[in-house]
Each structure stands twice: as structure tokens, then as C-alpha cells.
Amino acid sequence: KAGVTQTPRYLIKTRGQQVTLSCSPISGHRSVSWYQQTPGQGLQFLFEYFSETQRNKGNFPGRFSGRQFSNSRSEMNVSTLELGDSALYLCASSLAVNRGSYNEQFFGPGTRLTVL
Amino acid sequence: SQQGEEDPQALSIQEGENATMNCSYKTSINNLQWYRQNSGRGLVHLILIRSNEREKHSGRLRVTLDTSKKSSSLLITASRAADTASYFCAIISGNTPLVFGKGTRLSVIA
């Protein structure tokens, strides 16, 4: 099976712009989660989607949003970029069998976003 | 906080030695997972241990869980240079998603 893929792998934007990141989960996985990783804050949970519905959301401002499509592919969007949004954005998929289960997460390679 | 906290923050050992990392948490958990991350890349799942389990093995990895002390340990035996990475514990509590700690940076010197 193909692993989790994320596009693009690297991205450079300037303050005020917006960005959309894409994640394709492992075939058959219905749960997709997004994380932000920075040296100072570590790995922080952004949100999780299960069958096109946002199941959980982390403590991030409304500039961060996401969605999931019927084929489980997911996108996250960050509007009005700030310097502090520079980070590695990781997507993970999981074979969650129901809404209440959190099992092994399979991570993609990440998108390195740099905001200038 | 539900976050797991790894200890030590950094560990440097010689190839062939054993490496032990610890994770402490504050809430009741459903399961606890360990992940590895090579520099700047995605995380790789190592082991999942459920709250009713005390020990699990996978190759050179051994994970223990003590729910009374709210702690877990990851032991890597006969370490190799390729084990150099950051190791994270992640806890699952109730219906909340994985909450990761800050990680332990392991350096294995050949």
C-alpha cells in the first residue's frame, strides 16, 4: 500500500498570504489528523477529520481550517499567514473503525512551510 | 495537561548500549503509543500499549506501562547508529486525539 503523501513538500510564502496543504491518506483510512511541529512548541494537534466531519480541533486560531473529501483526502488552509506559522505541518491517517477509536497513526513526510 | 512528558530531553550513548526513555502523564489513558522521528521527517509508529497491558516487545524495543505511576518506558537494546532520532510518547485519553510530548533526542555514536 502507498503511504501517506503530502504536497507540496516545501513552501515559501510571505506574511499575509494564504496557503493550502494537501494530504492523501492510506487507502481505506477514514481518519486524517493534522499537526504543527515547531522547535519551541513541539507537536501540536490542529484538527482531525473522520468521514468528512471534523471530529476534534486543537487550540489554534480560526485562520487555520481544514476539510476532508469523500475519498478521505484532506486539505488544510492557513489564511493571513504570520511569521510564527513557519513550521513542519504533518498529516497522519488512521484506520479508525469508529468515531471513538484512536489507533496507530501513519504519518506523511510533512510540508515545510516558511513564512517570510 | 494531558500531554505526555518524556525524560530525558536528550540522550547520547555508544553503539551497542541500551537506551531507556521515560514518559509520564497525568490523566487516565486508553492507550499509549511511542513514535520515532528522524530529523525533519514524519513520525513512524513503534509500539502501542493498552492501559490493561504492562509490557510489550517488538524486535529490539521493549515498552512497559505502569498506570499506577502514570508512566511508561521505552527500552532500545543493542542500539545502532540508525536508531539516532527523536522519540515521542503519545497518550490517548477518552475521545481526545493523540497528545504528544516534546520528545527525547537520542544520539547513538558509532
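Scroll up a little and you will see the structure.
Residues numbered from 1 in each chain as written. Chains lettered and ligands numbered in written order. Predicted model: local features only at pLDDT ≥ 70, side-chain atom pairs only at ≥ 80, totals over all residues. Heavy atoms only, no water.

Draft legend 1. View of the overall build of chain A. Scanning chain A from terminus to terminus reveals 0 helices and 11 strands. Ordering the α and β elements of chain A from the N terminus gives β-β-β-β-β-β-β-β-β-β-β. Taken over C-alpha atoms, the radius of gyration comes to 13 Å for chain A, in line with the 13 Å a tight globule of 116 residues would show. A principal-axis box enclosing the C-alpha atoms of chain A has dimensions of 40 × 25 × 25 Å. The buried share of chain A, reckoned over its 116 residues, is 51%. Taking contacts inside chain A between residues at least 6 apart in sequence as the whole, the part at least 24 apart equals 57%. Here chain A displays about 5,400 Å² of accessible surface, and carbon together with sulfur accounts for 49% of that area. Charge separation in chain A, taken as the distance between the mean sites of 12 positive and 6 negative side-chain charges, equals 2 Å. (Helix = DSSP H or I, 4+ residues; strand = E, 2+ residues; numbered from the N terminus. Rg over C-alpha atoms; globule rule 2.2 N^0.38 Å. Buried < 20%, exposed > 50% of the residue type's maximum accessible area, 1.4 Å probe, protein only. Contact = heavy atoms within 4.5 Å. Areas by Shrake-Rupley, 256 points an atom, 1.4 Å probe, with all protein chains shown as cover. Lys, Arg positive; Asp, Glu negative; His and termini not counted. Charge placed at Lys NZ, Arg CZ, Asp CG, Glu CD.)

Draft legend 2. Seen up close, the packing of aromatic side chains. Counting across every chain of the model gives 9 aromatic pairs over all chains. Residues Y35(A) and F107(A) carry aromatic rings whose centres are separated by 5.6 Å and whose planes lie at 40 degrees to one another, so their mutual orientation is tilted. Within this pair, whereas Y35(A) is found in strand β4 (residues 31-38), its partner F107(A) is found in strand β10 (residues 106-107), the two being separated by 72 residues in sequence. Grouping residues by exposure puts Y35(A) and F107(A) together as buried. A network of ring pairs unites the aromatic residues Y35(A), F45(A), F107(A), Y35(B), F88(B) and F100(B) as a single cluster. (Phe/Tyr/Trp six-rings, centres within 6.5 Å; stacked < 30°, edge-to-face > 60°.)

Draft legend 3. Highlighting the pattern of salt bridges. A full pass over the atoms with the stated rule returns 7 salt bridges over all chains. For E75(A), the salt bridge goes to R67(A), with nearest N and O atoms at 3.2 Å. Here E75(A) falls in the buried class, since its relative accessible area comes to 16%. The salt bridge involving D83(B) is made with R60(B); its shortest N-O contact spans 2.9 Å. Of this pair, D83(B) sits in the loop between β8 (71-76) and β9 (85-92) while R60(B) sits in the loop between β6 (55-58) and β7 (61-66), placing them 23 residues apart in sequence. R60(B) gets classed as partly exposed once you look at its relative accessible area, which sits at 22%. Salt bridges sharing common partners tie together R63(A), E82(A) and D85(A). (Salt bridge = Lys/Arg side-chain N within 4 Å of Asp/Glu carboxyl O.)

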